[in-house]
Amino acid sequence: MPFYVTTPIYYVNAAPHLGHAYTTIAADVMARHHRQREEEVFFLTGTDEHGEPVADAAHALGIEPQELADRNAERFKALAPQLQVSNDFFIRTTDPEHEAKVQEVLSRVRENGFVYEGVYEGSYCPRCADFKAENEIEEGHRCPIHHIELTREREQNYFFRLSDFQERLERLYAEREDFVAPRTRYNEALSFIRSGLRDVPLTRHRLTWGVRVPWDHEHVFYVWFDALLNYYSALSYARPGEDLTERLWPASYHLIAKDILRFHTVYWPALLMAAELELPEHVFVHGYLLMGGEKMSKSLGNVLDPFAVIERFGADALRFYLLREVPFGQDGTVSSASFELRYETELANELGNLASRTIGMLARYRDGAVCAGELDPLLEADFAGLPAAVCALIDRAELTLALDEIWQRVRRLNRYVEERAPWVLARDPERVQELDCVLRSLAEGLRSVTVLLWPFMPTSAERLLEALGAPGHTLADAELTAGRVRSVRAIASMFPKDTQAAGA
Ligand code: MSP
């Protein structure tokens, strides 16, 4: 089975911030992990370029929406390689192929009888591009997310018959309890469905920045329907001359944050049903990165610039920090102070130190050579079943738990060094074999954790595996087996403490 993972497509009304980097990094970890399993993987990210959020931001700058879209799409595109993100395609919703696919699918939805003309009246947040129900509105008629005043809209629109899908969606949730995770988000989506679904606008009349409605040129599609379809449309043109849809649809995982839960867990499956397309396997909803107690967001001004963090500490440290600090699926506060603390205590003192000690002792006592023999059964027992446990967690998108499983072994290896004190063994000619067994077990243990860390920290893992002379990093390579590391080479400090000077 191929593995197809997506991130939300990000609005190009502003530059990327750490919140966007977070989801993209998580998706990359999943994609890399499945590549380790030697599966066919397709990883999609991109930008959402139509609709009011972008049109309004462009007008405020006195430029055309397309110009703003081009400018910011480039910044999102540039972020991916800097984060060591290995996406297979970058979709932009202004791609003509995407637009044609949106028109095709939504025309089918209409032919299938799920579209009608009506008048929309209600409250709307132009930043969310979302129509707000009365019970969500904040005091002062404000958006609960952006805290800006909502507009009152009255518009002649085409509607999508979302209400027709009430029963089918309830059945979907009953039959597939893993459709949405974590459980709290599943419950939230289900209770929204149970509270009674109302039809939603499918098109906008007043807007011109969007995909034209083929049966009525005075309308463009409501940006959310255009945007959601990216997950499907991309497959038809991501590889020139090839249509991947048949092979890769439906998606295995959509990763999103809870701000866009309703669109992905209610509108999206209903739309796919209306278009007679298969539903994705899983939607995983992670929490918010918070700064000073508020969701980090450009419009609130409380953002950490991922480019600056990468420049100083490197992409691997950022990837590690985000997935370790904030339990994936929950909200969590991030700060420069907690970043620096984890960098120093965990990356430098635990992993970095383990690597330099292991390689250093092999160099000192054995000239870098690892002699053949058995591994310490004590360590073997502690590593038994580790790759399978990591797989099972990543299958459920439990990225923080998976990283913790691995990190416990990093700590185990450090304790092992203390327990066995190779420097004491080295002084006793009678204990040569014992010393060899300890060094060999350490080298193989380090190799095993490094292979498992590769999806989280690809550059550091590859460097370290090179130094261990065992560059293979498939999941099969992660087993703790003797005979893989034969000789080691010294490397410079992996996580230097003085990052300003090192420019790491
Ligand atoms: N364009 C829509 C999504 C369409 S998907 C078919 C959109 N764009 S967005 O630019 O606002 O991005 C929202 C997503 O960015 C969140 O769902 C999440 O993946 C990520 N995040 C943005 N800020 C974030 C935090 N502060 N914390 C965690 N994730 C964050 O909505």
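Fair warning: this is a prediction, and the values are worked out from it, not measured in the lab.

Draft legend 1. Structural view of the packing of helix H3 (residues 65–82) against helix H11 (residues 306–313). Packing of H3 against H11 leaves a shortest axis separation of 11 Å and a crossing angle of 25°. Taken as axis vectors, H3 and H11 run roughly parallel relative to one another. In this structure, H3 meets H11 at a crossing whose hand is left-handed. Between H3 and H11, the residues in contact are Arg-75, Leu-79 and Gln-82 and Pro-306, Phe-307 and Ile-310, respectively. Taken together, the residues of the contact of H3 with H11 sort by class into four nonpolar, one polar and one charged.

Draft legend 2. The arrangement of the packing of aromatic side chains in detail. Enumeration over the complete set of coordinates arrives at 30 aromatic pairs. Grouping aromatic residues by their ring pairs yields a cluster made of Phe-114, Tyr-120, Tyr-124, Phe-131, Phe-160, Phe-165, Tyr-222, Trp-224, Phe-225, Phe-263 and Tyr-267. The lysine or arginine in question, Arg-204, covers the ring of Tyr-124, its NZ or CZ lying 4.6 Å from the ring centre.

Draft legend 3. Fine view of helix H12 (residues 315–325). Among the eleven residues that make up H12, ten are buried, leaving the element largely enclosed by the rest of the structure. Along H12, the positions that sit buried rather than exposed are Ala-315, Asp-316, Ala-317, Leu-318, Arg-319, Phe-320, Tyr-321, Leu-322, Leu-323 and Arg-324.

Draft legend 4. Main features of the domain arrangement of the protein. Assigned domains within the protein: domain 1 (3–304) and domain 2 (336–502). Between domain 1 and domain 2, the C-alpha centre-to-centre distance is 41 Å. Every contact between the two is made by twelve residues of domain 1 and, on the other side, 16 residues of domain 2. Together domain 1 and domain 2 conceal approximately 1500 Å² of surface at their shared face, both sides included; 64% is due to carbon and sulfur atoms. Of all residues in domain 1, the largest losses of buried area upon contact with domain 2 belong to Val-29, Arg-32 and Gln-36, amounting jointly to 41% of the total for that side. Remark: the boundary between domain 1 and domain 2 carries one salt bridge.

Draft legend 5. The arrangement of the sheet that holds strand E2 (residues 41–48) in detail. Pairing is parallel across the open sheet formed by six strands, whose spatial order is E3-E2-E1-E11-E12-E7. Of all the strands in the sheet, the pair left with one neighbour each is strand E3 (89–92) and strand E7 (180–181). Across the face of the sheet, helix H1 (residues 18–36) comes into contact with strand E1 (3–11), E2, strand E11 (253–257) and strand E12 (282–286) while running at roughly 165° to E1. Here H3 sits on the sheet in contact with E1, E2 and E3, set at roughly 160° to E3.

Draft legend 6. Region of interest: the side chain of Asp-477. Assignment of secondary structure puts Asp-477 in the loop between helix H19 (458–467) and helix H20 (499–502). You can call Asp-477 buried: its relative accessible area is 16%. A distance of 3.1 Å separates polar atoms of two side chains, one belonging to Asp-477 and the other to Arg-484. Leaving out residues up to four positions away in the same chain, Asp-477 has contacts with Arg-447, Val-451, Gly-472 and Arg-484.

Draft legend 7. View of the sheet that holds strand E14 (residues 294–295). Taken together, the three strands give an open sheet; going across it, the order is E14-E13-E15, and neighbouring strands pair in mixed fashion. One side of each edge strand has no neighbouring strand; the edge strands of this open sheet are E14 and strand E15 (332–333). In the sheet, strand E13 (residues 289–291) pairs with E15 via two bridges, with the strands oriented parallel. When the sheet's bridge partners are listed, Leu-289 is paired in E15 with Gly-332.

Definitions and limits used
- Residues numbered from 1 in each chain as written.
- Predicted model: local features only at pLDDT ≥ 70, side-chain atom pairs only at ≥ 80, totals over all residues.
- Heavy atoms only, no water.
- Axes fitted to C-alpha atoms, helices over the stretch in contact; angles between N-to-C directions.
- Helix = DSSP H or I, 4+ residues; strand = E, 2+ residues; numbered from the N terminus.
- Parallel < 35°, antiparallel > 145°, perpendicular 65-115°, else oblique.
- Left-handed = near helix turned anticlockwise from the far one by under 90°.
- Contact = heavy atoms within 4.5 Å.
- Nonpolar A, V, L, I, M, F, W, Y, C, P; charged D, E, K, R; others polar.
- Phe/Tyr/Trp six-rings, centres within 6.5 Å; stacked < 30°, edge-to-face > 60°.
- Lys NZ or Arg CZ within 6 Å of the ring centre and 35° of its normal.
- Buried < 20%, exposed > 50% of the residue type's maximum accessible area, 1.4 Å probe, protein only.
- Domains from an automatic or database assignment.
- Buried area = accessible area lost by both parts, 1.4 Å probe.
- Salt bridge = Lys/Arg side-chain N within 4 Å of Asp/Glu carboxyl O.
- Pairing = 2+ DSSP bridges.
- Polar contact = N/O pair within 3.5 Å; in protein donor to acceptor, adjacent residues only side chain to side chain.

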